[in-house]
Every structure is written in C-alpha cells, then in structure tokens.
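Overview (structure and organization)
One letter stands for each residue in the lines below.
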Amino acid sequence: MAEVLALIDYGAGNLHSVANALKAAGATGVAVTADPDVVRAADRIVLPGVGSFRACAEGLRAIPGLVAAMEERVQVGGAPFLGICVGMQLLASRGVEHGVTAGLDWIAGEVRLIEPTDPAIKVPHMGWNDVALAAHPGDGGLLEPGEAYFLHSYQFLPEDGGAVAAMTDHGGGIVAAVARDNVVGVQFHPEKSQAYGLALLERFLEWRP
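A few points on the structure. (Residues numbered from 1 in each chain as written. Predicted model: local features only at pLDDT ≥ 70, side-chain atom pairs only at ≥ 80, totals over all residues. Heavy atoms only, no water.)

1. Details of the layout of surface pockets
Our working rule: A cavity here means a set of 1 Å grid points, computed over protein atoms only, where a 1.4 Å probe fits but cannot escape. A pocket is an open set with protein on both sides within 12 Å along at least 5 of 7 lines, and lining residues have an atom within 4 Å of a point. Grid points are joined across faces, edges and corners, and a volume is the space filled by probe spheres set on the points. Gly is placed with the polar residues, together with every amino acid not listed as nonpolar (Ala, Val, Leu, Ile, Met, Phe, Trp, Tyr, Cys and Pro) or charged (Asp, Glu, Lys and Arg). The helix and strand labels rest on DSSP assignments: H or I over at least four residues marks a helix, E over at least two residues marks a strand, and numbering proceeds from the N terminus.
When its volume is computed, the largest pocket comes out at roughly 220 Å³. Counted by class, the lining of the largest pocket contains 5 nonpolar, 7 polar and 2 charged residues. Counted as a void, the second largest pocket has a volume near 160 Å³. As for the second largest pocket, its lining consists of Ala2, Glu3, Leu5, Ala25, Gly26, Ala27, Thr28, Gly29, Arg44, Glu202, Leu205 and Glu206. Looking at the lining of the second largest pocket element by element, the count peaks at 3 residues for helix α6 (residues 194-206). Considered class by class, the residues forming the lining of the second largest pocket number 5 nonpolar, 3 polar and 4 charged.

2. As for the packing of aromatic side chains
Each aromatic ring pair is described using two quantities: the centre-to-centre distance and the angle formed by the ring planes. Spelled out, the test is: Pairing of aromatic rings covers Phe, Tyr and Trp, the last counted by its six-membered ring, and requires centre-to-centre distances within 6.5 Å; plane angles under 30 degrees mean stacked, over 60 mean edge-to-face, and any other angle means tilted. When accessible area is computed with a 1.4 Å probe and restricted to protein chains, residues below 20% of their type maximum are described as buried, those above 50% as exposed, and intermediate ones as partly exposed.
Inspection of every chain in the model, using the stated rule, returns 5 aromatic pairs. Seen from their ring centres, Phe150 and Phe188 are 5.7 Å apart, and the 70° between their planes marks the pair as edge-to-face. Of this pair, Phe150 sits in strand β9 (residues 146-152) while Phe188 sits in the loop between β13 (183-186) and α6, placing them 38 residues apart in sequence. Of the residues examined, Phe150 reaches a relative accessible area of 0% and is grouped as buried. Among the residues examined, Phe188 registers a relative accessible area of 0% and is labelled buried.

3. Some details on helix α1 (residues 15-24)
Under the convention used in this document: This arc is built from the directions going out from the helix axis to the C-beta atoms. Contact criterion: two residues are considered in contact whenever any of their non-hydrogen atoms come within 4.5 Å of each other.
Three or more residues of α1 are buried, namely Leu15, Val18, Ala19, Ala21 and Leu22. End-on, the buried residues of α1 take up no more than an arc of 160°, which puts them together on one face. Exposed positions of α1 whose direction lies more than 90 degrees from the buried face are His16 and Ala24. Buried residues in α1 make contact with β1 (5-8), β2 (30-33), β3 (44-47), β4 (81-84) and α6.

4. Comments concerning the pairing of β1
Going by this rule: The criterion for strand pairing is that DSSP finds at least two bridges linking the strands in question. Seen with the strands pointing away from the viewer, any crossover whose path from the first strand over the helix to the second strand runs clockwise is right-handed.
Going residue by residue along β1, you find Leu5 and Leu7 tucked away on one face and Ala6 and Ile8 tucked away on the opposite face as well. Note that β1 and β2 share 4 bridges and pair parallel. Bridge assignment links Ile8 to a residue of β2, and that residue is Thr33. Handedness of the crossover joining β1 and β2 through α1: right-handed.

5. Some words on helix α4 (residues 66-76)
Structurally, the α-helix is built with 3.6 residues per turn, so residues lying three or four positions apart point the same way. Among the residues of α4, those classed as buried are Leu66, Val67, Ala69, Met70, Arg73 and Val74. All buried residues of α4 project into a common sector of 160° when viewed along the axis, lining one side. Tucked into the core, α4 has its buried residues touching β1, α2 (36-41), β3, α3 (53-61), β4 and β13. In the stretch just after α4, Gly78 is the one whose phi turns positive, near 80°.

6. Remarks on unusual backbone geometry
Following Val123, the chain continues into Pro124 via a peptide bond in cis, with omega recorded as 15°. Tracing the sequence through the fold places Pro124 in the loop between β7 (109-113) and β8 (125-133). Despite not being glycine, Cys85 has its phi angle at roughly 55°, a positive value. Here Cys85 is to be found in the loop between β4 and α5 (86-89). Positive phi is not limited to glycine here, since Asp105 has a value of about 65°. Inspection of the secondary structure assignment puts Asp105 in the loop between β6 (101-102) and β7.

7. With respect to the sheet that holds β6
Picture the strands of a sheet paired through backbone hydrogen bonds; they go either parallel or antiparallel. Read across the open sheet, the 4 strands follow the order β6-β5-β7-β10; overall the sheet is mixed. Of all strands in the sheet, those bounded by a partner on one side alone are β6 and β10 (154-158).

8. Some thoughts on the nonpolar core
Side chains of a nonpolar character, in soluble globular proteins, are inclined to be buried together. What counts is decided by this rule: Nonpolar cores are built from buried Ala, Val, Leu, Ile, Met, Phe, Trp, Tyr and Cys residues. Side-chain atoms within 4.5 Å join them into one set.
Counting 67 residues, the largest nonpolar core has Leu60, Met70 and Leu90 as its most contacted members. When sequence neighbours within four positions are dropped, the list of residues in contact with Leu90 reads Tyr10, Leu47, Phe53, Cys56, Ala57, Leu60, Gly103, Leu104 and Asp105.

9. Thoughts on the state of the cysteines
The line we're drawing: Criterion for a disulfide: a pair of cysteine sulfur atoms at a distance within 2.5 Å.
Scanning all chains against the criterion turns up 0 disulfides. Free of any disulfide, Cys56 has its nearest neighbouring cysteine sulfur in Cys85, separated by 8.3 Å. Assessed through its relative accessible area of 0%, Cys56 is described here as buried. With relative accessibility at 5%, the residue Cys85 sits in the buried group.

Next comes the structure, spelled out in structure tokens:
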C-alpha cells in the first residue's frame, strides 16, 4: 500500500511547488491537508513555510487540533518529519520577528534576524549557497553536502549545537539544517534547488530514522 505523505496546508507555504517537487521525487500519496485526522494517520509529514515566523505560527495554531495531531504523529509516533524554510524555523522555541512568538519547541532555540559581520553583505540571504554538513549531523544520512537555494532574513539558533546538521555562510555562519531523531528541518528550499533538492526529497521518501 502506498505511503501517505501529509503536506501541511495552513495558508503559509508555497504548497503547489512543494507538492510538485515531492511528486517528481517519487511520492505517490501526497495529501495537501489541514485535517488533524489525516495528519495523525500519515506515514510522513512535510511542513513548508513562507513569510514571517509570527504569521506562520499563528496560522498553524489557528487550525483546531492540527498542532496536537502533528505532535502525536511525530513526537510520539515517530513519523519522519521535514520542515522547509519557516517550517524549519517553527521547530524552535520562539521567534522574535514582530515581537516574541512561541514556536513548536521541538528543538530548543530562537529565530533571530541575520546580522552579517560584513556590512557589505545584504539581508535577506537570497540565492544559491553551499550546504556544509556538521561533523555529526544527526540526520540519519538524509542530508548531503552541495548547493541549495536560500531566501530568508531570519535564522534558527539552536541552544544545543548538536542539533545543527548543516551550515552555510552569509557574512558569517548560518544554520542551514537542524536534525533530531526523526525530525529534520532545512532553511533552504528543496523545491527550488533543482537536482540537489530533488535528491534530498527522494532520500526523505526512503528515510527510516
């Protein structure tokens, strides 16, 4: 029986392009959904995110039972989870964009504005950049080094450096990916990262953390 992949629809992601990329990577059972029952029964979960941390967090919590279903399926049930861009940032304890907003707190840390050490470096961080794996990425082999497409002004700063799976550089080091057990988040956009992103999604579909 084909796996069901729940692509969370909470009004804050470029769902069409992410869904198409997942299908191109071989996913057959992509359910674009905000239904807690579908999420609770899914084999894998992808949380995209575009926009501000506050808007995304509020959008997610505005759907009754959705966060609880995600926590039940991922934190308790162990389903493989991939957060993309702000979907990765929402794993943090809090974000400080437009005031302090609580995140999911699955990986302790804070989302703050990128502050490059070189004033010539512009924010947002936009375009292609290297993804360099941490010494012990903790991602169960999901990530690989390469080049990916980034578009963000805020960065995830985990409290535990062991949660950092990959880094990139934009006027200083920026966390490109986080990982803990069955949860991985990437700051870049796999759906815009051509062959590199497609290969990541293919591995995610086979991932057995």
